[in-house]
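Fold and contact review
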Amino acid sequence: MIFEAPLRQKKVFMTVPLISPMPPVASGVGLPWDAPIDDPVSALDGARRSFGDTFVVDSGEDRYLFTFSPSGVACFYGLPEDRASKGIADWRMLRRKLPDEMFVGRRVLPQHLFGREDVTTYLANVELAVDATIDELGSAGEFDVFGMARRLGHRVGLASWGGPGSAVGERFDRLVRAFDTLDGAESFVHPDAMSLVAASGKSAERGALGVILEELGESRQELPGVEDRHPLFARVVAAWSDQQAAEGMIGSGLDVALIHVASMSNLFAALGWHLIDLIGHPAECARVRSGDRRLAETCALESIRMAQRSIMSRYVVKPVELNVGSAVHAVPPGVTVATLLPLTNTSAAPGLDAWDPNHWNRRRLADGSKLAAAELVTAFGHGRHSCPAQPFSLSAMTLASTRLLAEYEFDPSWSRRPYPVVAQIGGVARSALPCHVRYRRCRDRSSP
Ligand code: HEM
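What about the side chain of His274?
Secondary-structure assignment places His274 in helix α12 (residues 267–279). For His274, the side chain forms a polar contact with the side chain of Ser401, separated by 2.9 Å. Setting aside residues up to four positions removed in sequence, His274 forms contacts with Ala296, Cys299, Ala300, Ser303, Met397, Thr398 and Ser401.

Quick notes on the coordination of the iron atom of the ligand
Donation to the iron atom of the ligand from the protein comes from one atom only, Cys387 (SG), at 2.3 Å. Tracing the sequence through the fold places Cys387 in the loop between β10 (364–365) and α15 (390–407).

Examining the layout of surface pockets
Using a probe with the size of a water molecule, rolled over the atoms, empty space left in the structure can be pinpointed. Computed from the structure, the second largest pocket encloses a volume of approximately 390 Å³. Along the wall of the second largest pocket there are 18 residues; nearest its centre are Trp360, Arg363, Arg364, Leu365 and His382. By residue class, the composition of the lining of the second largest pocket is nine nonpolar, seven polar and two charged.

Some points on the pattern of salt bridges
The tally for this structure, following the rule as stated, stands at 31 salt bridges. Close ionic contact of Asp255 with Arg106 constitutes a salt bridge, the shortest N to O distance being 2.5 Å. Taken together, the residues span a long stretch of sequence, with Asp255 in helix α11 (residues 245–263) and Arg106 in the loop between α3 (86–94) and α4 (116–137) at a distance of 149 residues. For the pair Asp255 and Arg106, one class covers both residues: buried. Linking Arg289 and Glu409 is a salt bridge whose minimum nitrogen-to-oxygen distance equals 3.7 Å. Of this pair, Arg289 sits in helix α13 (residues 282–289) while Glu409 sits in strand β11 (residues 408–412), and the two are 120 residues apart along the sequence.

Notes on unusual backbone geometry
Cis peptide bonds are those with omega within 30 degrees of zero, and the linkage from Ser20 to Pro21 qualifies with -10°. Assignment of secondary structure puts Pro21 in the segment before α1 (40–51). Residue Lys202 is not a glycine yet carries a positive backbone phi of 55°. As for its placement among the helices and strands, Lys202 is situated in the loop between α8 (194–199) and α9 (203–221). Residue class for Lys202 comes out buried when judged on its relative accessible area of 12%.

Rules used in this analysis
- Residues numbered from 1 in each chain as written.
- Predicted model: local features only at pLDDT ≥ 70, side-chain atom pairs only at ≥ 80, totals over all residues.
- Heavy atoms only, no water.
- Helix = DSSP H or I, 4+ residues; strand = E, 2+ residues; numbered from the N terminus.
- Polar contact = N/O pair within 3.5 Å; in protein donor to acceptor, adjacent residues only side chain to side chain.
- Contact = heavy atoms within 4.5 Å.
- Donors = N, O, S within 2.8 Å, 3.2 Å for Na, K, Ca; no water.
- 1 Å grid on protein atoms, 1.4 Å probe; cavity = no way out; pocket = protein on both sides within 12 Å on 5 of 7 lines; lining within 4 Å.
- Points joined across faces, edges and corners; volume = space filled by probe spheres on them.
- Nonpolar A, V, L, I, M, F, W, Y, C, P; charged D, E, K, R; others polar.
- Salt bridge = Lys/Arg side-chain N within 4 Å of Asp/Glu carboxyl O.
- Buried < 20%, exposed > 50% of the residue type's maximum accessible area, 1.4 Å probe, protein only.

Function cannot be read off these values alone, since they describe shape.
Here's what the structure looks like:
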(Lines give C-alpha, C1' and ligand atoms only; values in the text may rest on other atoms or scores of the structure.)
Protein backbone atom coordinates (compact mmCIF):
# COMPACT_ATOMS: atom_id res chain seq x y z
CA MET A 1 0.00 0.00 0.00
CA ILE A 2 1.92 2.96 -1.23
CA PHE A 3 1.69 5.79 -3.55
CA GLU A 4 2.92 9.25 -3.93
CA ALA A 5 0.54 11.65 -2.32
CA PRO A 6 0.11 15.36 -2.85
CA LEU A 7 1.40 16.83 0.38
CA ARG A 8 0.02 20.15 -0.72
CA GLN A 9 -3.48 18.68 -0.62
CA LYS A 10 -5.40 21.06 1.63
CA LYS A 11 -8.58 20.51 3.47
CA VAL A 12 -10.92 22.66 1.42
CA PHE A 13 -14.18 21.13 2.59
CA MET A 14 -15.34 23.45 5.33
CA THR A 15 -18.65 21.66 5.78
CA VAL A 16 -19.34 17.95 6.09
CA PRO A 17 -19.73 16.60 2.53
CA LEU A 18 -23.30 15.51 1.76
CA ILE A 19 -23.96 12.11 0.23
CA SER A 20 -27.16 11.73 -1.78
CA PRO A 21 -29.28 9.82 -0.91
CA MET A 22 -27.84 9.99 2.58
CA PRO A 23 -27.32 6.53 4.18
CA PRO A 24 -27.93 6.15 7.91
CA VAL A 25 -25.29 7.71 10.14
CA ALA A 26 -23.88 5.31 12.74
CA SER A 27 -24.04 7.73 15.61
CA GLY A 28 -21.78 6.99 18.54
CA VAL A 29 -19.26 5.13 16.35
CA GLY A 30 -15.88 6.72 15.63
CA LEU A 31 -12.55 5.56 14.32
CA PRO A 32 -9.63 4.98 16.65
CA TRP A 33 -7.46 7.85 15.41
CA ASP A 34 -10.08 10.31 16.56
CA ALA A 35 -11.71 8.73 19.60
CA PRO A 36 -10.71 6.17 22.22
CA ILE A 37 -12.15 2.87 21.02
CA ASP A 38 -10.90 -0.53 22.13
CA ASP A 39 -12.07 -2.74 19.28
CA PRO A 40 -12.88 -0.76 16.11
CA VAL A 41 -13.62 -3.85 13.99
CA SER A 42 -16.29 -5.05 16.45
CA ALA A 43 -17.69 -1.50 16.68
CA LEU A 44 -18.12 -1.38 12.88
CA ASP A 45 -19.60 -4.88 12.90
CA GLY A 46 -22.13 -3.64 15.47
CA ALA A 47 -22.91 -0.61 13.31
CA ARG A 48 -23.52 -2.88 10.32
CA ARG A 49 -25.95 -4.95 12.37
CA SER A 50 -27.81 -1.83 13.48
CA PHE A 51 -27.77 0.22 10.27
CA GLY A 52 -27.45 -2.30 7.44
CA ASP A 53 -24.76 -2.89 4.83
CA THR A 54 -24.16 0.76 3.92
CA PHE A 55 -23.76 3.50 6.52
CA VAL A 56 -21.85 6.65 7.32
CA VAL A 57 -19.36 7.15 10.15
CA ASP A 58 -18.40 10.69 11.09
CA SER A 59 -15.09 10.60 12.90
CA GLY A 60 -13.03 13.66 13.85
CA GLU A 61 -13.23 15.95 10.81
CA ASP A 62 -13.75 13.06 8.39
CA ARG A 63 -16.80 11.41 6.87
CA TYR A 64 -16.52 7.73 5.94
CA LEU A 65 -19.01 5.84 3.76
CA PHE A 66 -18.76 2.14 4.64
CA THR A 67 -20.27 -0.48 2.39
CA PHE A 68 -20.52 -4.25 2.79
CA SER A 69 -23.27 -5.07 0.27
CA PRO A 70 -22.22 -7.32 -2.65
CA SER A 71 -22.90 -4.56 -5.21
CA GLY A 72 -21.32 -1.91 -3.03
CA VAL A 73 -18.09 -3.85 -2.49
CA ALA A 74 -17.87 -4.78 -6.21
CA CYS A 75 -18.44 -1.13 -7.14
CA PHE A 76 -15.83 -0.02 -4.56
CA TYR A 77 -13.05 -2.00 -6.29
CA GLY A 78 -14.02 -0.46 -9.65
CA LEU A 79 -13.74 3.18 -8.51
CA PRO A 80 -11.19 5.03 -10.67
CA GLU A 81 -8.04 6.31 -8.94
CA ASP A 82 -8.35 9.82 -10.41
CA ARG A 83 -11.74 10.25 -8.68
CA ALA A 84 -11.49 8.02 -5.59
CA SER A 85 -7.85 7.69 -4.65
CA LYS A 86 -6.29 4.76 -2.82
CA GLY A 87 -3.00 6.64 -2.84
CA ILE A 88 -4.41 9.60 -0.92
CA ALA A 89 -6.38 7.35 1.44
CA ASP A 90 -3.20 5.39 2.28
CA TRP A 91 -1.21 8.58 2.73
CA ARG A 92 -3.84 10.02 5.08
CA MET A 93 -3.40 6.89 7.21
CA LEU A 94 0.39 6.52 7.08
CA ARG A 95 1.22 10.19 7.62
CA ARG A 96 0.09 9.73 11.22
CA LYS A 97 3.32 7.77 11.75
CA LEU A 98 5.75 8.53 8.93
CA PRO A 99 7.61 11.86 8.58
CA ASP A 100 6.19 14.04 5.76
CA GLU A 101 9.48 14.18 3.86
CA MET A 102 9.12 10.48 2.99
CA PHE A 103 6.21 11.25 0.68
CA VAL A 104 7.68 14.13 -1.31
CA GLY A 105 9.29 13.58 -4.72
CA ARG A 106 9.57 9.80 -4.76
CA ARG A 107 10.96 8.50 -8.07
CA VAL A 108 10.88 4.69 -7.63
CA LEU A 109 7.77 3.27 -5.95
CA PRO A 110 7.13 -0.29 -4.73
CA GLN A 111 4.79 -0.77 -7.71
CA HIS A 112 7.87 -0.48 -9.97
CA LEU A 113 9.79 -3.36 -8.40
CA PHE A 114 7.71 -6.44 -9.09
CA GLY A 115 8.37 -7.32 -12.73
CA ARG A 116 8.74 -10.99 -13.67
CA GLU A 117 12.55 -10.86 -13.77
CA ASP A 118 12.68 -9.06 -10.40
CA VAL A 119 10.95 -11.97 -8.69
CA THR A 120 13.88 -14.24 -9.60
CA THR A 121 16.21 -11.87 -7.73
CA TYR A 122 13.91 -11.86 -4.73
CA LEU A 123 13.64 -15.62 -4.54
CA ALA A 124 17.41 -16.04 -4.52
CA ASN A 125 17.39 -13.61 -1.58
CA VAL A 126 14.66 -15.55 0.22
CA GLU A 127 16.87 -18.68 0.00
CA LEU A 128 19.82 -16.74 1.44
CA ALA A 129 17.62 -15.20 4.16
CA VAL A 130 16.32 -18.63 5.19
CA ASP A 131 19.93 -19.94 5.25
CA ALA A 132 20.88 -17.05 7.56
CA THR A 133 17.81 -17.68 9.75
CA ILE A 134 18.68 -21.37 10.10
CA ASP A 135 22.27 -20.42 10.98
CA GLU A 136 20.98 -18.05 13.67
CA LEU A 137 18.52 -20.60 15.06
CA GLY A 138 21.04 -23.44 15.37
CA SER A 139 19.82 -26.93 16.20
CA ALA A 140 17.36 -26.27 19.05
CA GLY A 141 15.79 -23.45 21.03
CA GLU A 142 12.68 -21.30 21.24
CA PHE A 143 11.42 -18.27 19.31
CA ASP A 144 8.39 -16.04 18.94
CA VAL A 145 6.93 -16.90 15.53
CA PHE A 146 6.12 -13.30 14.58
CA GLY A 147 9.53 -12.08 15.82
CA MET A 148 11.32 -14.66 13.68
CA ALA A 149 9.10 -13.92 10.65
CA ARG A 150 9.73 -10.20 11.03
CA ARG A 151 13.52 -10.59 11.07
CA LEU A 152 13.35 -12.94 8.07
CA GLY A 153 11.19 -10.43 6.18
CA HIS A 154 13.61 -7.60 6.95
CA ARG A 155 16.47 -9.72 5.65
CA VAL A 156 14.66 -10.66 2.42
CA GLY A 157 13.65 -7.07 1.75
CA LEU A 158 16.97 -5.43 2.53
CA ALA A 159 18.89 -8.07 0.54
CA SER A 160 16.57 -7.36 -2.39
CA TRP A 161 16.47 -3.54 -2.43
CA GLY A 162 18.82 -2.34 0.34
CA GLY A 163 22.12 -2.57 -1.56
CA PRO A 164 25.50 -4.02 -0.60
CA GLY A 165 25.96 -4.95 3.06
CA SER A 166 22.48 -3.99 4.27
CA ALA A 167 21.26 -7.54 5.00
CA VAL A 168 24.27 -8.73 6.99
CA GLY A 169 26.19 -7.91 10.15
CA GLU A 170 25.89 -4.70 12.13
CA ARG A 171 24.40 -2.67 9.29
CA PHE A 172 21.52 -5.12 9.10
CA ASP A 173 20.91 -4.94 12.85
CA ARG A 174 21.01 -1.13 12.86
CA LEU A 175 18.61 -0.99 9.91
CA VAL A 176 16.23 -3.46 11.57
CA ARG A 177 16.12 -1.39 14.77
CA ALA A 178 15.56 1.81 12.81
CA PHE A 179 12.84 0.36 10.54
CA ASP A 180 11.07 -1.14 13.56
CA THR A 181 10.94 2.35 15.08
CA LEU A 182 9.86 4.01 11.84
CA ASP A 183 7.26 1.29 11.03
CA GLY A 184 4.36 2.97 9.21
CA ALA A 185 2.11 -0.03 9.91
CA GLU A 186 1.80 1.15 13.51
CA SER A 187 -0.68 3.73 12.19
CA PHE A 188 -3.21 0.93 11.70
CA VAL A 189 -1.90 -1.74 14.12
CA HIS A 190 -1.90 0.64 17.10
CA PRO A 191 -4.02 3.56 15.88
CA ASP A 192 -4.68 4.43 19.51
CA ALA A 193 -0.98 5.34 19.91
CA MET A 194 -0.91 7.92 17.11
CA SER A 195 -1.80 10.87 19.33
CA LEU A 196 1.42 10.24 21.25
CA VAL A 197 3.39 10.11 17.99
CA ALA A 198 1.86 13.44 16.98
CA ALA A 199 2.62 14.95 20.39
CA SER A 200 6.28 13.96 20.05
CA GLY A 201 6.53 15.64 16.62
CA LYS A 202 7.53 12.18 15.27
CA SER A 203 10.92 12.65 16.87
CA ALA A 204 11.68 8.92 17.25
CA GLU A 205 10.63 8.35 13.64
CA ARG A 206 12.79 11.22 12.37
CA GLY A 207 15.76 9.87 14.33
CA ALA A 208 15.21 6.39 12.86
CA LEU A 209 14.91 7.80 9.34
CA GLY A 210 18.23 9.58 9.86
CA VAL A 211 19.92 6.28 10.77
CA ILE A 212 18.33 4.56 7.73
CA LEU A 213 19.55 7.27 5.33
CA GLU A 214 23.04 7.08 6.82
CA GLU A 215 23.25 3.28 6.49
CA LEU A 216 21.77 3.22 2.99
CA GLY A 217 24.26 5.99 2.09
CA GLU A 218 27.07 3.58 3.08
CA SER A 219 25.52 0.91 0.86
CA ARG A 220 25.40 3.39 -1.98
CA GLN A 221 29.14 4.15 -1.57
CA GLU A 222 29.82 0.41 -1.89
CA LEU A 223 27.70 -0.04 -5.03
CA PRO A 224 30.14 0.77 -7.86
CA GLY A 225 31.37 -2.48 -9.43
CA VAL A 226 28.69 -4.71 -7.85
CA GLU A 227 25.58 -3.29 -9.54
CA ASP A 228 24.81 -6.68 -11.14
CA ARG A 229 24.46 -8.26 -7.66
CA HIS A 230 22.09 -5.50 -6.50
CA PRO A 231 19.94 -4.74 -9.56
CA LEU A 232 17.00 -3.19 -7.70
CA PHE A 233 19.11 -0.93 -5.52
CA ALA A 234 21.14 0.02 -8.62
CA ARG A 235 17.87 0.90 -10.38
CA VAL A 236 16.84 3.22 -7.55
CA VAL A 237 20.28 4.86 -7.46
CA ALA A 238 20.23 5.31 -11.27
CA ALA A 239 16.86 7.08 -11.03
CA TRP A 240 18.68 9.85 -9.08
CA SER A 241 21.82 10.03 -11.25
CA ASP A 242 20.90 13.51 -12.57
CA GLN A 243 21.20 14.96 -9.03
CA GLN A 244 24.20 16.14 -7.02
CA ALA A 245 25.65 13.34 -4.86
CA ALA A 246 24.08 14.56 -1.60
CA GLU A 247 20.58 15.05 -3.09
CA GLY A 248 20.81 11.71 -4.91
CA MET A 249 21.85 9.98 -1.69
CA ILE A 250 18.83 11.33 0.19
CA GLY A 251 16.40 10.80 -2.70
CA SER A 252 17.40 7.18 -3.33
CA GLY A 253 17.55 6.50 0.43
CA LEU A 254 13.99 7.78 0.88
CA ASP A 255 12.79 5.69 -2.10
CA VAL A 256 14.27 2.55 -0.53
CA ALA A 257 12.94 3.47 2.92
CA LEU A 258 9.39 3.84 1.59
CA ILE A 259 9.63 0.57 -0.36
CA HIS A 260 10.83 -1.29 2.73
CA VAL A 261 8.14 0.27 4.93
CA ALA A 262 5.51 -0.84 2.36
CA SER A 263 6.86 -4.38 2.51
CA MET A 264 6.52 -4.34 6.31
CA SER A 265 2.73 -3.80 6.22
CA ASN A 266 1.68 -7.40 5.62
CA LEU A 267 4.39 -9.87 4.71
CA PHE A 268 5.91 -10.56 8.15
CA ALA A 269 2.55 -11.03 9.77
CA ALA A 270 1.26 -13.22 6.91
CA LEU A 271 4.29 -15.52 7.23
CA GLY A 272 3.68 -15.73 10.99
CA TRP A 273 0.04 -16.88 10.56
CA HIS A 274 1.07 -19.27 7.76
CA LEU A 275 3.48 -21.02 10.14
CA ILE A 276 1.04 -20.95 13.06
CA ASP A 277 -1.75 -22.49 10.99
CA LEU A 278 0.54 -25.18 9.57
CA ILE A 279 1.81 -26.05 13.06
CA GLY A 280 -1.86 -26.33 14.12
CA HIS A 281 -2.80 -28.63 11.20
CA PRO A 282 -0.51 -31.69 11.31
CA ALA A 283 -1.79 -33.34 8.09
CA GLU A 284 -1.14 -30.26 5.93
CA CYS A 285 2.08 -29.60 7.86
CA ALA A 286 3.43 -33.07 6.96
CA ARG A 287 2.69 -32.55 3.26
CA VAL A 288 4.28 -29.10 3.20
CA ARG A 289 7.29 -30.46 5.11
CA SER A 290 7.74 -33.06 2.38
CA GLY A 291 7.84 -30.29 -0.23
CA ASP A 292 4.24 -29.90 -1.51
CA ARG A 293 4.59 -26.26 -2.65
CA ARG A 294 1.15 -26.15 -4.28
CA LEU A 295 -0.51 -27.06 -0.99
CA ALA A 296 1.80 -24.64 0.84
CA GLU A 297 0.50 -21.85 -1.42
CA THR A 298 -3.19 -22.56 -0.78
CA CYS A 299 -2.39 -22.80 2.95
CA ALA A 300 -0.69 -19.39 2.76
CA LEU A 301 -3.68 -17.83 0.96
CA GLU A 302 -6.03 -19.35 3.51
CA SER A 303 -4.06 -18.00 6.46
CA ILE A 304 -4.01 -14.52 4.90
CA ARG A 305 -7.76 -14.66 4.22
CA MET A 306 -8.48 -15.57 7.83
CA ALA A 307 -6.02 -13.03 9.28
CA GLN A 308 -7.03 -10.07 7.09
CA ARG A 309 -7.91 -7.02 9.16
CA SER A 310 -7.54 -4.55 6.32
CA ILE A 311 -9.60 -1.44 5.93
CA MET A 312 -9.75 -0.78 2.19
CA SER A 313 -10.32 2.89 1.57
CA ARG A 314 -10.55 5.43 -1.24
CA TYR A 315 -10.52 9.18 -0.67
CA VAL A 316 -12.94 10.90 -3.06
CA VAL A 317 -11.39 13.83 -4.96
CA LYS A 318 -14.00 14.15 -7.73
CA PRO A 319 -17.66 13.14 -7.45
CA VAL A 320 -18.33 9.39 -7.83
CA GLU A 321 -21.38 7.16 -7.76
CA LEU A 322 -21.46 4.14 -5.49
CA ASN A 323 -24.04 1.55 -6.50
CA VAL A 324 -24.81 -0.48 -3.39
CA GLY A 325 -27.72 -2.42 -4.93
CA SER A 326 -30.56 -0.82 -2.99
CA ALA A 327 -29.46 2.71 -4.02
CA VAL A 328 -26.93 4.61 -6.08
CA HIS A 329 -25.22 7.12 -3.82
CA ALA A 330 -23.70 10.30 -5.24
CA VAL A 331 -20.52 10.76 -3.21
CA PRO A 332 -18.83 14.18 -3.20
CA PRO A 333 -15.14 15.00 -2.69
CA GLY A 334 -13.93 14.79 0.88
CA VAL A 335 -15.64 11.50 1.71
CA THR A 336 -13.61 8.33 2.29
CA VAL A 337 -15.35 5.27 0.84
CA ALA A 338 -14.36 2.10 2.71
CA THR A 339 -14.95 -1.55 3.34
CA LEU A 340 -13.44 -3.83 5.94
CA LEU A 341 -12.12 -7.30 5.07
CA PRO A 342 -12.61 -8.94 8.50
CA LEU A 343 -16.37 -8.33 8.17
CA THR A 344 -16.70 -10.14 4.82
CA ASN A 345 -13.76 -12.55 4.39
CA THR A 346 -14.92 -15.12 6.92
CA SER A 347 -18.70 -14.72 6.63
CA ALA A 348 -19.59 -14.15 2.96
CA ALA A 349 -20.49 -17.85 2.49
CA PRO A 350 -21.03 -20.83 4.82
CA GLY A 351 -17.81 -22.56 5.89
CA LEU A 352 -15.56 -19.53 5.43
CA ASP A 353 -15.26 -19.13 9.19
CA ALA A 354 -12.87 -22.13 9.35
CA TRP A 355 -9.30 -22.56 8.03
CA ASP A 356 -9.29 -24.97 5.08
CA PRO A 357 -6.84 -24.73 2.17
CA ASN A 358 -9.45 -26.47 -0.03
CA HIS A 359 -11.22 -23.12 -0.10
CA TRP A 360 -8.63 -22.26 -2.77
CA ASN A 361 -8.05 -23.60 -6.25
CA ARG A 362 -4.57 -22.33 -6.98
CA ARG A 363 -4.84 -18.56 -6.42
CA ARG A 364 -8.63 -18.33 -6.80
CA LEU A 365 -11.36 -19.04 -4.31
CA ALA A 366 -12.63 -22.54 -5.24
CA ASP A 367 -16.32 -21.78 -4.68
CA GLY A 368 -16.31 -18.18 -5.79
CA SER A 369 -19.63 -18.71 -7.57
CA LYS A 370 -21.33 -19.30 -4.19
CA LEU A 371 -20.55 -15.73 -3.19
CA ALA A 372 -23.04 -12.93 -3.84
CA ALA A 373 -20.03 -11.06 -5.31
CA ALA A 374 -16.50 -12.39 -5.88
CA GLU A 375 -15.11 -9.20 -4.33
CA LEU A 376 -16.50 -10.08 -0.88
CA VAL A 377 -13.51 -12.32 -0.16
CA THR A 378 -9.87 -11.56 -0.80
CA ALA A 379 -6.29 -12.04 0.34
CA PHE A 380 -4.46 -9.64 -1.98
CA GLY A 381 -7.26 -7.36 -3.20
CA HIS A 382 -9.25 -7.02 -6.43
CA GLY A 383 -9.03 -4.82 -9.48
CA ARG A 384 -6.42 -2.31 -10.47
CA HIS A 385 -5.03 -1.81 -6.98
CA SER A 386 -4.60 -5.50 -6.17
CA CYS A 387 -1.21 -6.29 -4.70
CA PRO A 388 1.66 -6.18 -7.22
CA ALA A 389 3.77 -8.20 -4.77
CA GLN A 390 1.41 -11.19 -4.60
CA PRO A 391 3.58 -13.66 -6.60
CA PHE A 392 6.68 -12.59 -4.69
CA SER A 393 4.94 -12.76 -1.29
CA LEU A 394 3.43 -16.21 -1.89
CA SER A 395 6.74 -17.59 -3.15
CA ALA A 396 8.61 -16.10 -0.20
CA MET A 397 6.10 -17.49 2.31
CA THR A 398 5.99 -20.99 0.83
CA LEU A 399 9.73 -21.20 0.34
CA ALA A 400 10.32 -20.14 3.95
CA SER A 401 7.67 -22.49 5.40
CA THR A 402 8.77 -25.49 3.33
CA ARG A 403 12.40 -25.10 4.33
CA LEU A 404 11.80 -24.34 8.01
CA LEU A 405 9.40 -27.27 8.38
CA ALA A 406 11.83 -29.59 6.61
CA GLU A 407 14.60 -28.47 8.96
CA TYR A 408 12.80 -28.39 12.31
CA GLU A 409 10.12 -30.02 14.46
CA PHE A 410 8.02 -27.39 16.26
CA ASP A 411 6.31 -27.61 19.62
CA PRO A 412 3.95 -24.64 20.15
CA SER A 413 3.34 -22.99 23.51
CA TRP A 414 -0.28 -22.05 22.66
CA SER A 415 -3.27 -24.38 22.87
CA ARG A 416 -5.84 -22.15 21.10
CA ARG A 417 -5.21 -20.24 17.86
CA PRO A 418 -3.60 -16.92 18.83
CA TYR A 419 -5.81 -13.86 18.40
CA PRO A 420 -5.19 -10.40 16.86
CA VAL A 421 -4.36 -7.09 18.51
CA VAL A 422 -7.93 -5.81 19.08
CA ALA A 423 -7.09 -2.18 18.33
CA GLN A 424 -5.80 -3.05 14.84
CA ILE A 425 -7.76 -1.79 11.84
CA GLY A 426 -5.76 -2.40 8.67
CA GLY A 427 -3.34 -4.93 7.22
CA VAL A 428 -2.85 -8.56 8.19
CA ALA A 429 -3.47 -9.12 11.91
CA ARG A 430 -0.65 -8.91 14.40
CA SER A 431 -0.88 -11.33 17.30
CA ALA A 432 -2.00 -9.84 20.61
CA LEU A 433 0.51 -12.00 22.51
CA PRO A 434 3.91 -13.50 21.69
CA CYS A 435 3.61 -16.96 20.10
CA HIS A 436 6.54 -19.01 21.32
CA VAL A 437 7.51 -22.33 19.78
CA ARG A 438 10.26 -24.68 20.85
CA TYR A 439 12.15 -26.16 17.91
CA ARG A 440 14.56 -28.98 17.33
CA ARG A 441 16.39 -29.91 14.16
CA CYS A 442 14.65 -32.92 12.55
CA ARG A 443 17.80 -34.88 11.96
CA ASP A 444 18.68 -34.56 15.67
CA ARG A 445 15.42 -36.25 16.66
CA SER A 446 17.05 -39.53 17.59
CA SER A 447 19.88 -37.93 19.58
CA PRO A 448 19.43 -37.59 23.38
C1 HEM B 1 1.35 -11.45 2.25
C2 HEM B 1 1.73 -10.22 2.00
C3 HEM B 1 0.84 -9.15 1.43
C4 HEM B 1 -0.53 -9.01 1.47
C5 HEM B 1 -1.54 -9.92 2.14
C6 HEM B 1 -0.86 -7.79 0.73
C7 HEM B 1 -2.15 -7.33 0.55
C8 HEM B 1 -2.47 -6.27 -0.29
C9 HEM B 1 -3.82 -5.84 -0.59
C10 HEM B 1 -5.09 -6.48 -0.01
C11 HEM B 1 -3.74 -4.78 -1.44
C12 HEM B 1 -4.92 -4.02 -2.05
C13 HEM B 1 -5.33 -2.87 -1.16
C14 HEM B 1 -6.50 -2.05 -1.69
O15 HEM B 1 -7.11 -2.37 -2.71
O16 HEM B 1 -6.79 -1.04 -1.04
C17 HEM B 1 -2.34 -4.54 -1.66
C18 HEM B 1 -1.82 -3.52 -2.47
C19 HEM B 1 -0.48 -3.20 -2.56
N20 HEM B 1 0.58 -3.90 -2.01
FE21 HEM B 1 0.47 -5.62 -0.97
N22 HEM B 1 0.31 -7.21 0.29
C23 HEM B 1 1.37 -8.01 0.68
C24 HEM B 1 2.71 -7.79 0.43
C25 HEM B 1 3.23 -6.68 -0.18
C26 HEM B 1 4.65 -6.39 -0.30
C27 HEM B 1 5.79 -7.29 0.18
C28 HEM B 1 4.75 -5.20 -0.96
C29 HEM B 1 6.05 -4.52 -1.33
C30 HEM B 1 6.55 -3.49 -1.04
C31 HEM B 1 3.39 -4.74 -1.27
C32 HEM B 1 3.05 -3.60 -1.95
C33 HEM B 1 1.76 -3.25 -2.32
C34 HEM B 1 1.44 -2.07 -3.13
C35 HEM B 1 2.46 -1.07 -3.70
C36 HEM B 1 0.04 -2.04 -3.28
C37 HEM B 1 -0.80 -0.97 -4.00
C38 HEM B 1 -0.93 -1.27 -5.45
C39 HEM B 1 -1.72 -0.19 -6.17
O40 HEM B 1 -2.24 0.73 -5.55
O41 HEM B 1 -1.83 -0.28 -7.39
N42 HEM B 1 2.51 -5.67 -0.78
N43 HEM B 1 -1.59 -5.46 -0.96
